[in-house]
Amino acid sequence: MNTGASISPHGGTLISRVLRGVIREAALERARDLPGIQLSPASVSDLELIAVGAFSPLAGFMGQADYQSVVETMHLANGLVWSLPITLPAEKGTTDHIGEGDEIVLYEEDRLLGLMTVEEKFGYDKVREAHEVFRTTEEAHPGVARLYAQGDVLLGGPVTLLNRPKDRSFIEFRHDPAQARRMFAERGWRRIVGFQTRNPIHRAHEYIQKSALEIVDGLFLHPLVGETGPDDVPADVRIRSYQAILRDYYPPERVILGVFPATMRYAGPREAIFHAICRKNYGCTHFIVGRDHAGVGDYYGTYDAQLIFDEFRPEEIGITPLFFEHAFYCKKCGTVVTAKTCPHDREEHVYLSGTQVRAMLARGEAPPPEFTRPEVAQILIQGYQSSNAEEA
Ligand SMILES: [Zn+2]
């Protein structure tokens, strides 16, 4: 087996806060007498990702020093790069009985998920966070809207996970960072490129993934399946479409499909850094950053998610970003190209906007095969038709 050097997790140690065996039993026993709070879906997701090490070096929800430092400087208080606040918001009224130093239970509805030692309880400035993190204070931005709607106090402190969240869909693809690292090692991969997506794979994405795969050993296709927006294709339809394209068009020994159960924040450039660092924790050495990565509307400039990497020294991030242009099929070139590789006019290019594609699929129409593989189009059309049937 190849035991070659694998990339270090962010901060040097893969965090594990998942309790097992007798330690877990003892924690469950203790939990009976402890006060508890309900987590939002976003906090449920954060808790699991902290516990499995996807957010290494975080071992809990951020305290005030880390929170302030991340919001203002994109670094943790200890100087390590970290671009998004990972906080546990709570309503004032529901936390009056919780004091600093208390141990509390974290619930997802009736399900006990974990324990937290509340080291800090502090107020924060939502407008300032919105301005710094999302570069806008407009409530029309989905990330800002969620921030404004959440509780007014933040609880900071280390967590442990006793039970996994309720949603275990796509279980065969839920590889924790330690498992993903093991799978890469078993395949003898030393250079692994991570691909973040919340969309189906069209020919353009296939081209980008395969271009990257030419220079590394393996592709970790890692779609986000946590909370996404109303315009995003439902996760189960996307997963079926990934399975179809991987089966027919990718060498199986070069690709691993995993799911990333994170909440989409739409923080554009800051989220691109965050997504890269998380994938480093999963063991990726390279990460694909497209134009407008994790963007929404026109809140961010086309290249902002790529340019932000220049604000850090490469060794501060650790994982190597690979920047890609938009790709499309060119009739003259007879292949998928980008503005970097094709000299022809726009009329030679097969280009459809997201809105156009959605409209076609909803009508039961397959996009041209130069745009979407027919196997993928079929699954997307079925997905649209069944989701419309549910709404009717
Ligand atoms: Zn061309």
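Please read these numbers as outputs of a predicted model, since none were measured by experiment. (Residues numbered from 1 in each chain as written. Predicted model: local features only at pLDDT ≥ 70, side-chain atom pairs only at ≥ 80, totals over all residues. Heavy atoms only, no water.)

Peer 1: For this particular structure, what's the right way to read the overall build of the protein chain?
Peer 2: Counting secondary structure elements, the protein chain contains 13 helices and 15 strands. By the compact-globule yardstick of 21 Å for 392 residues, the protein chain fits well, its C-alpha radius of gyration being 22 Å. If you line up the protein chain on its principal axes, its C-alpha atoms span 70 × 50 × 40 Å. Among the 392 residues that make up the protein chain, the fraction classed as buried is 54%. Long-range contacts, defined as pairs at least 24 residues apart, comprise 73% of the intrachain contacts of the protein chain with a sequence gap of at least 6. When the accessible surface of the protein chain is summed, it comes to about 17,200 Å², and 49% of that surface belongs to carbon and sulfur atoms. Side chains of the protein chain give 41 positive and 53 negative charges; the mean places of these two sets differ by 6 Å. (Helix = DSSP H or I, 4+ residues; strand = E, 2+ residues; numbered from the N terminus. Rg over C-alpha atoms; globule rule 2.2 N^0.38 Å. Buried < 20%, exposed > 50% of the residue type's maximum accessible area, 1.4 Å probe, protein only. Contact = heavy atoms within 4.5 Å. Areas by Shrake-Rupley, 256 points an atom, 1.4 Å probe, with all protein chains shown as cover. Lys, Arg positive; Asp, Glu negative; His and termini not counted. Charge placed at Lys NZ, Arg CZ, Asp CG, Glu CD.)

Peer 1: Before we go on, may I ask you to explain the sheet that holds strand β11 (residues 286-289) in this structure?
Peer 2: By definition, the strands of a sheet pair up through backbone hydrogen bonds, in either a parallel or an antiparallel sense. Pairing is parallel in the open sheet, where 5 strands are placed in the order β10-β9-β8-β11-β12. Each edge of the open sheet carries a strand with a single partner, namely β10 (255-257) and β12 (320-323). On average, adjacent strands in this sheet sit at an angle of 25° to one another, irrespective of strand direction. Across the sheet, helix α8 (residues 235-249) is in contact with β8 (192-197), β9 (218-223) and β10; its angle to β9 comes to roughly 160°. (Pairing = 2+ DSSP bridges. Axes fitted to C-alpha atoms, helices over the stretch in contact; angles between N-to-C directions.)

Peer 1: Just checking my understanding: could you explain unusual backbone geometry for this structure?
Peer 2: Most of the time, phi is negative for any residue but glycine, and the peptide bond is trans. At the junction of Ser 56 and Pro 57, the peptide bond is cis and its omega measures out at 15° in the coordinates. Here Pro 57 lies in the loop between α2 (41-51) and β2 (60-61). Phi is positive for Phe 170, close to 60°, though the residue is something other than glycine. The exposure class assigned to Phe 170 is buried, which follows from its relative accessible area of 17%. You will see that Asp 292, though not glycine, has its phi angle at about 55°, which is positive.

Peer 1: I keep staring at the nonpolar core and nothing clicks. Help me out?
Peer 2: Side chains of nonpolar character tend, in soluble globular proteins, to be buried together. Counting 74 residues, the largest nonpolar core has Phe 55, Trp 82, Ile 86, Leu 106 and Met 116 as the members making the most contacts within it. For this core, the element with the highest residue contribution is helix α9 (residues 269-281), accounting for 6 residues. Setting aside anything within four residues of it in sequence, one finds Phe 55 in contact with Asp 46, Leu 49, Ile 50, Trp 82, Ile 86, Phe 274, Cys 278 and Asn 281. (Core = buried A, V, L, I, M, F, W, Y, C linked by side-chain atoms within 4.5 Å.)

Peer 1: Help me understand the pattern of salt bridges, please; the structure alone is not making it clear to me.
Peer 2: A side chain with one charge may pair with a side chain of the opposite charge, provided their charged atoms come close. Scanning the entire structure with this criterion turns up 23 salt bridges. In this structure, Arg 164 engages Asp 176 in a salt bridge whose closest nitrogen and oxygen atoms are separated by 2.6 Å. Residue Arg 164 is located in the loop between β7 (153-161) and α6 (177-186), and its partner Asp 176 is located in the loop between β7 and α6; the two are separated by 12 residues in the primary sequence. Residue class for Asp 176 comes out buried when judged on its relative accessible area of 16%. Linking Arg 247 and Asp 248 is a salt bridge whose minimum nitrogen-to-oxygen distance equals 3.4 Å. Among the residues examined, Arg 247 registers a relative accessible area of 61% and is labelled exposed. (Salt bridge = Lys/Arg side-chain N within 4 Å of Asp/Glu carboxyl O.)

Peer 1: Would you mind showing me how to read the coordination of the zinc ion here?
Peer 2: Ideal values for angles at a metal depend on the geometry: 109.5 degrees with four tetrahedral donors, 90 or 180 degrees with six octahedral donors. On the protein side, the zinc ion has Cys 330 (SG), Cys 333 (SG), Cys 342 (SG) and His 344 (ND1) as donor atoms, found 2.1 to 2.3 Å from it. With 4 donor atoms in place around the zinc ion and angles of 102 to 116° between them, the coordination shape is tetrahedral. (Donors = N, O, S within 2.8 Å, 3.2 Å for Na, K, Ca; no water. Tetrahedral: all angles 85-135°; square planar, octahedral: opposite > 155°, others 65-115°.)

Peer 1: Looking at this model, I keep getting lost on the packing of helix α3 (residues 64-73) against helix α4 (residues 126-134). Mind explaining?
Peer 2: Geometrically, a packed helix pair is captured by the angle between its two axes and the distance between the axes. Relative orientation of the contacting elements α3 and α4 amounts to 45°, with a least axis distance of 8 Å. With respect to α4, the axis of α3 lies oblique. Judged by residue contacts, Tyr 67, Val 71 and Glu 72 of α3 engage Arg 128, Glu 129, Glu 132 and Val 133 from α4. (Parallel < 35°, antiparallel > 145°, perpendicular 65-115°, else oblique.)

Peer 1: I keep staring at α3 and nothing clicks. Help me out?
Peer 2: Each α-helix turn comprises 3.6 residues. Residues three or four places apart therefore point the same way. Looking only at α3, the buried set comprises Tyr 67, Ser 69, Val 70 and Val 71. Elements in contact with the buried residues of α3: β6 (120-123), α4, β7 and α9. Where α3 ends, the next residue or the one after it, Met 74, has phi of about 60°, a positive value.

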